[in-house]
Amino acid sequence: MHDILRQHIEKIVSLSDEEFAFVRTHFTAKKFKKHQFLIQEGEPVKYFYFVVSGLLKLVHTDDTGKEHIVSFAMEDWWESDFYAFYTQTAATMSLECVEDTEVLCLLLKDYKKLCDDLQKMERFFLEKSNFGFIGSQRRIISWLTSNSKERYEQLLKQYPSLVQRVPKSLLAAYLGVSRETLSRLSP
């Protein structure tokens, strides 16, 4: 598990064996089953998660009880209810396993310690945050400027493996369309 984390980090910054030994002590490995929650709305958010294997969905439930899928996270991705994690407040979203999933968990105090004690990790997390921010902006622009067919085609192009792993009902919720509409859009 930790070798996968090292490979992931070293796509951005190189680490000596000693530096990585320090980094790995800040992570806890956990396994979750399909449909199990890592975060539940209303509960404290303890961790920031690196997905080693499996697939997660981040969901916001509105006042009417309708679920809105904010994002999916698969191998080599990071996920959490970031607002709740960084502000140490109750979750406004839930994080649930779509598949059996293995993650490496990072507490806020450990995240801060890594950033304070190892400048390379601060740079790594800054790069990951920037790319996450870019992805969020692209998704918002897509929602504002594209119709459902165009959003579906963008999803197919950008994340072809994700589309193969996610049930159509979840893809429809992510795209903001009904299951029937998604069926008409699918090739």
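Our structure is the block above this text.
What comes next concerns the included structure. (Residues numbered from 1 in each chain as written. Predicted model: local features only at pLDDT ≥ 70, side-chain atom pairs only at ≥ 80, totals over all residues. Heavy atoms only, no water.)

What follows concerns the nonpolar core. Ranked by internal contacts, the top residues of the largest apolar core, which has 39 residues, are I9, V23, M121 and F125. A per-element tally of this core places strand 3 (residues 47-53) first, with 6 residues. Those residues in contact with I9, other than ones at most four positions away along the chain, are L15, F20, V23, M121 and F124. In terms of nonpolar packing, the next biggest core, distinct from the first, is built from 19 residues, V59, F72, Y152 and L162 among them. (Core = buried A, V, L, I, M, F, W, Y, C linked by side-chain atoms within 4.5 Å. Buried < 20%, exposed > 50% of the residue type's maximum accessible area, 1.4 Å probe, protein only. Helix = DSSP H or I, 4+ residues; strand = E, 2+ residues; numbered from the N terminus. Contact = heavy atoms within 4.5 Å.)

Attention shifts here to the sheet that holds strand 3. With antiparallel pairing, 4 strands are arranged side by side in an open sheet as 1-8-3-6. Each end of this open sheet is capped by a strand with a single partner; those strands are strand 1 (27-32) and strand 6 (78-79). Against the sheet, helix 4 (residues 108-117) engages strand 1, strand 3 and strand 8 (101-107), with an angle of about 70° to strand 8. (Pairing = 2+ DSSP bridges. Axes fitted to C-alpha atoms, helices over the stretch in contact; angles between N-to-C directions.)

Turning our eyes to something else, we now look at the state of the cysteines. With the rule as written, the count across this model stands at 0 disulfides. No disulfide involves C105; its sulfur sits 11 Å from that of C97, the nearest cysteine. Exposure remark for C105: the relative accessible area of 1% places this residue in the buried category. C115 takes part in no disulfide bond, and the closest cysteine sulfur, belonging to C105, lies 17 Å away. (Disulfide = S-S within 2.5 Å.)

Attention shifts here to the packing of aromatic side chains. One pass over the full model with this rule turns up 18 aromatic pairs. The interplanar angle of 55° and the centroid separation of 6.2 Å between the aromatic rings of F27 and W78 together place this pair among those described as tilted. On the criterion of sequence distance, the pair formed by F27 in strand 1 and W78 in strand 6 is long-range, its members being 51 residues apart. In this pair, the class of F27 matches that of W78, namely buried. Seen from their ring centres, F48 and Y111 are 6.1 Å apart, and the 70° between their planes marks the pair as edge-to-face. Taken together, the residues F48 in strand 3 and Y111 in helix 4 connect sequence positions 63 residues apart. Each member of the pair, F48 as well as Y111, is classed as buried. Of the aromatic side chains, those joined through ring pairs into one cluster are F27, F48, F50, W78, F82, F85, Y86, Y111, F124 and F125. Just above the ring of Y174 sits the side chain of R139; from NZ or CZ to the centre is 3.8 Å. For the cation-ring pair, R151 lies above W143, with the distance from its terminal atom to the ring centre recorded as 4.2 Å. (Phe/Tyr/Trp six-rings, centres within 6.5 Å; stacked < 30°, edge-to-face > 60°. Lys NZ or Arg CZ within 6 Å of the ring centre and 35° of its normal.)

Attention shifts here to the environment of L170. Take L170: it is sitting in helix 8 (residues 168-175). By relative accessible area, L170 is classed as buried at 15%.

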